[in-house]
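# Fold and geometry: a report
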Amino acid sequence: MKLNVAAVPNLAGMMAAEITAGENAVTKAVGDAGTSLKTAWRAQITGAGLGQRLARTIRSELYPKGQPSLNAAALVWSQAPVVVGAHDTGPLIRSQNGFWLAIPTAAAGKSARGGRITPGEWERRRGLRLRFVYRRNGPSLLVAEGRLNTRGVGVASRSKTGRGLTTVPIFLLVPQVKLRKRLDLARDAKVAQERIAGAIVANWVARFTS
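Residues take numbers from 1 onward in each chain, read along the sequence in its written order. Only residues with pLDDT of 70 or above have their local features reported here, since the model is predicted, and side-chain atom pairs are shown and tallied only from 80 upward, although totals for entire chains, interfaces and linings are computed over all residues. Each side-chain value is worked out from all heavy atoms of the structure, with water and hydrogens disregarded.

### Points about unusual backbone geometry
Most peptide bonds are trans, and most residues other than glycine sit at a negative phi. Following Tyr-63, the chain continues into Pro-64 via a peptide bond in cis, with omega recorded as -5°. Comment: elements are numbered from the N terminus, with helices defined as DSSP H or I runs of at least four residues and strands as E runs of at least two. Inspection of the secondary structure assignment puts Pro-64 in the loop between strand S1 (58-63) and strand S2 (73-78).

This is the structure in structure tokens:
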């Protein structure tokens, strides 16, 4: 008598293993895409001369956290969305009160917070009054009667006789300004999205060759 013995595969186990492999493949592909996009956006920002500080506001997160999933998703965002978005779209900026935008000159110096100084802050810090000068051709001005220090910043004159006193342009006044588009975030996002499908397949089949 002859007996033939054959192993019956565990279909449920095989299906579970494939699902696990799929979850790991999708999660890794999506996570890598998110990290790659974060790196690309940061490189764009520094390449546009906007500085490391703004670049570091770009963050990424993978969901669900701490576990693989076929529905994995990556979120890439900026903690300074208004600033980054403005450089990405190049909007037309107008004064909120409908009058002038005050653009500081080099003589205005920096704000105490490190950004652009406003006319009100400048007057408080320098102890000088700004005077409006209308110009028919070109931007109008806010000027101060003072002097330039060794750093080229307008300050009050120390002379009691008025020696060295000069009219220093502190702010340019314009009704609106068109911010130059310096970023193209959608371009890098599209590249990252297009790579996901191929990465999922590569990750999924890699277990057979490893």
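### Comments concerning the side chain of Asp-188
Summarising the element assignment, Asp-188 is placed in helix H5 (residues 185-209). Note on classification: 1.4 Å probe, protein chains only; a residue is buried when its accessible area is under 20% of the maximum for its type, exposed when over 50%, partly exposed between these limits. The class for Asp-188 is buried, based on a relative accessible area of 14%. Each polar contact in these results corresponds to two N or O atoms within 3.5 Å; when the atoms are within protein, one needs to be able to donate a hydrogen and the other to accept it, and residues that are neighboring in sequence are counted only if both atoms are side-chain atoms. A distance of 2.7 Å separates polar atoms of two side chains, one belonging to Asp-188 and the other to Gln-44. Contacts are residue-level and defined by heavy atoms, with any inter-residue pair within 4.5 Å sufficient. Apart from residues no more than four positions distant in its own chain, Asp-188 is found in contact with Leu-37, Ala-40, Trp-41 and Gln-44.

### Focus on the nonpolar core
Leu-37, Trp-41, Ile-45, Leu-50, Leu-54, Val-84 and Leu-183 are the most contacted members of the largest nonpolar core, which has 15 residues in total. Every element with two or more residues in this core is listed here: helix H1 (11-47), helix H2 (52-55) and H5. Aside from chain neighbours lying at most four places away, what touches Ile-45 is Leu-50, Gly-51, Leu-54, Ala-55, Ile-58, Val-84 and Leu-183. Formed by 12 residues, the second largest nonpolar core is a distinct cluster that contains Ala-108, Leu-128, Ala-144 and Leu-173. The criterion is simple. A nonpolar core is a set of buried Ala, Val, Leu, Ile, Met, Phe, Trp, Tyr and Cys residues joined through side-chain atoms within 4.5 Å.

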